[in-house]
Amino acid sequence: MRGLLARSALAAPVLAALALSAPPARADGPRARAAAADPWFGDDKARHFCASIALAGGGYALGSFATNDVRHRLAVGAAVALGAGLAKEAFDAAGYGTPSVRDLVWDVLGTSAGLGLSLWFDLGATPIQF
């Protein structure tokens, strides 16, 4: 069975948060108030990042049951994680929350980290053929 560790990618350790810098906003405008209400770093952003890691790893693992092609596995993992992130933001935009582009940025970062970990585990578990 190829990629045994990829199937357990949901238990992968969480990477350290990536440093992002936002351009400084004016202290008196509406962008300053919005930036203060939605910071780049916070509990919400960590949840988006970790959930995207888990969903991307789980999607990669599900893709491994369907195909042996790594590109297709990566596509399934990305579709699952980014689809969930976009659906969550669409739900927020429908009036059930506060939509945020910054949440989507953390979803993309978490998806990238989850796919990278899954691929790393998968290639590490694959025996070398001579």
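The structure reproduced in this document is the subject of the present report. The model shown is predicted, which means the values in this text are computed figures rather than measured ones.

**Digging into helix H4 (residues 101–125)**
The terminal C-alpha atoms of H4 lie 36 Å apart, and with 25 residues this matches the ideal 36 Å at 1.5 Å per residue to within 8%. The opening residue of H4, the one whose side-chain oxygen lies 3.1 Å from the backbone nitrogen of Arg-102, is Ser-100.

**Thoughts on the packing of aromatic side chains**
What describes a pair of aromatic rings is the distance from one ring centre to the other and the angle between the planes of the rings. Scanning all chains against the criterion turns up four aromatic pairs. Aromatic side chains Phe-41 and Trp-106 sit 5.9 Å apart centroid to centroid with 65 degrees between the ring planes, which places their arrangement in the edge-to-face category. In this pair, Phe-41 is assigned in the loop between helix H1 (30–37) and helix H2 (43–66) and Trp-106 in helix H4, connecting sequence segments 65 residues apart. Judged by centre distance (4.7 Å) and plane angle (10 degrees), the rings of Phe-91 and Tyr-96 are stacked. Its relative accessible area of 48% is what places Phe-91 among the partly exposed residues. By relative accessible area, which is 60% here, Tyr-96 ends up exposed. Clustering of aromatic rings is evident, with ring pairs tying together Phe-41, Phe-49 and Trp-106.

**Some remarks on the pattern of salt bridges**
Inspection of the entire model under this criterion finds seven salt bridges. We note a salt bridge from Asp-44 to Lys-45, for which the minimum N-O separation is 3.5 Å. Judged by its relative accessible area of 35%, Asp-44 is partly exposed. Note on Lys-45: relative accessible area 4%, which makes it buried. With a closest N to O distance of 3.2 Å, Asp-69 and Arg-71 form a salt bridge. The network of salt bridges with shared partners includes Asp-38, Asp-44, Lys-45 and Asp-103.

What counts and how
Residues numbered from 1 in each chain as written. Predicted model: local features only at pLDDT ≥ 70, side-chain atom pairs only at ≥ 80, totals over all residues. Heavy atoms only, no water. Helix = DSSP H or I, 4+ residues; strand = E, 2+ residues; numbered from the N terminus. Expected span 1.5 Å × (residues − 1). Polar contact = N/O pair within 3.5 Å; in protein donor to acceptor, adjacent residues only side chain to side chain. Phe/Tyr/Trp six-rings, centres within 6.5 Å; stacked < 30°, edge-to-face > 60°. Buried < 20%, exposed > 50% of the residue type's maximum accessible area, 1.4 Å probe, protein only. Salt bridge = Lys/Arg side-chain N within 4 Å of Asp/Glu carboxyl O.

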